[in-house]
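These are the residues of each chain, in order.
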Amino acid sequence: MITVKFLGGAKKSFSTDHMEIQKSNISIDDLLGHLTSIKPQTTLELDTDNILIAVNGIDSSAMDGKMTIIKDGDTVSIIPVIHGGSPKRVIFSSSKKNVQLLEIKGDKKIDVSFLDGLRKRFPKLIIQAVSSEFILNTSHAKKIISLSLICQKNDNLLSKKLETDILMRFGLTSQISDAIKIAGIKPKKNFFVVSIGPKKELDSLYLSLKPSLSEIFSKNHSFSIKKQFRINKRQIDCVLTKTPLEDILVERASVLL
């Protein structure tokens, strides 16, 4: 038997603060699938992309993420990243590393020095800025960042630095200067701060940037993305998946030379 505790907004999804599940030796991913299947249809949806999950008080991202096995007698706590309102950040685990996405409101005073300042203040984090115009959605962001992390693990980065590789893959270019020009910070334009590292450092970065945060993925930039990378309707129609534009972007990012 597994005890599941719901904290914050998660309680509204199940109309309770805890429940007991007659299962064991299942992964967190399996548990989330089960919870989704038994959730009352009349309650708020549980955003499984924006939750923190702890097993016996230990953050699952420090274990095996959603593949962490839950055993008989374990207690699982589910905590929404944001309590109510529009989400202000996305946190996920990839290649056993913690990744955070924060969307910053555009400001004419913000330039590359803003990024340099963050890196000096948070030296334990890998930090990059990517124009919001070149991140389609949460899934697209996760796949590109995960791709860079896998390439780092296999010693196959496009650049010597992970943060530069991330920017190049969002900009779909193997040239650093072009990546900065295409997908870097632009005056008055929203951008994402991508950060990778220890959970405590990510939380500190989030708190420091909280006053400048925008509603994450507040706009759909599919039109500008298709225009920039010359992706037409015929190309999209040839991809027989539920997310053709996203899949085209990820495929192109994976074969950069």
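Within each chain, residues carry numbers counting from 1 in the order of the written sequence. Only residues with pLDDT of 70 or above have their local features reported here, since the model is predicted, and side-chain atom pairs are shown and tallied only from 80 upward, although totals for entire chains, interfaces and linings are computed over all residues. Neither water nor hydrogens contribute to the side-chain values; these are computed over all heavy atoms in the structure.

Chemist: Quick question: what am I supposed to make of the pairing of strand β8 (residues 90–94) here?
Modeler: Look at any regular strand and the pattern is simple: side chains alternate between the two faces of the sheet. Counting buried positions over the five residues of β8 gives four, a clear majority of the element. A pair of strands is treated as paired once DSSP finds two or more bridges between them. Every helix listed is a DSSP run of H or I at least four residues long, and every strand listed is a run of E at least two residues long, numbered separately from the N terminus. Across five bridges, the pairing between β8 and strand β9 (residues 97–104) is antiparallel. Of the residues in β9, the one forming a bridge with V90 is L101. Remark: two residues form the turn of the hairpin made by β8 and β9, two consecutive strands paired antiparallel; S95 in that turn has positive phi of roughly 50°. The buried label applies to any residue whose accessible area, calculated with a 1.4 Å probe on protein chains only, is under 20% of its type's maximum; exposed applies above 50%, and partly exposed to all values in between.

Chemist: I'm lost on the sheet that holds strand β1 (residues 2–6) in this one. Help?
Modeler: Pairing between the strands of a sheet is mediated by backbone hydrogen bonds and can be parallel or antiparallel. Ordered in space as β2-β1-β7-β4-β5, the five strands form an open sheet in which the pairing is mixed. This sheet does not close on itself; its edge strands, each paired only once, are β2 (18–21) and β5 (58–59). Strand direction decides the pairing type here: strand β4 (residues 51–55) and β5, joined by two bridges, are antiparallel. When the sheet's bridge partners are listed, V55 is paired in β5 with I58. Where helix α2 (residues 28–38) meets the sheet, its contacts fall on β1, β2, β4 and β7 (75–80), and the angle it forms with β2 comes to roughly 110°. Contact definition: two residues touch when any of their heavy atoms are within 4.5 Å. Working convention: axes come from line fits to C-alpha atoms, limited for helices to the stretch in contact. Angles between N-to-C directions cover 0 to 180 degrees.

Chemist: How do you make sense of the sheet that holds strand β10 (residues 126–131) when you look at a structure like this?
Modeler: With antiparallel pairing, the four strands of this open sheet are ordered in space as β8-β9-β11-β10. In the strand order of this sheet, the two ends are held by β8 and β10, each with one partner. In this sheet, neighbouring strand axes are inclined to one another by 20° on average, regardless of whether the strands run parallel or antiparallel. Taken together, the six bridges between β9 and strand β11 (residues 191–196) define a ladder with antiparallel strand orientation. Note on β11: the bridge partner recorded for L102 is V193. Across the face of the sheet, helix α3 (residues 112–121) comes into contact with β10 and β11 while running at roughly 160° to β10. With respect to the sheet, helix α5 (residues 162–170) is in contact with β10 and β11, its orientation differing from that of β10 by roughly 20°.

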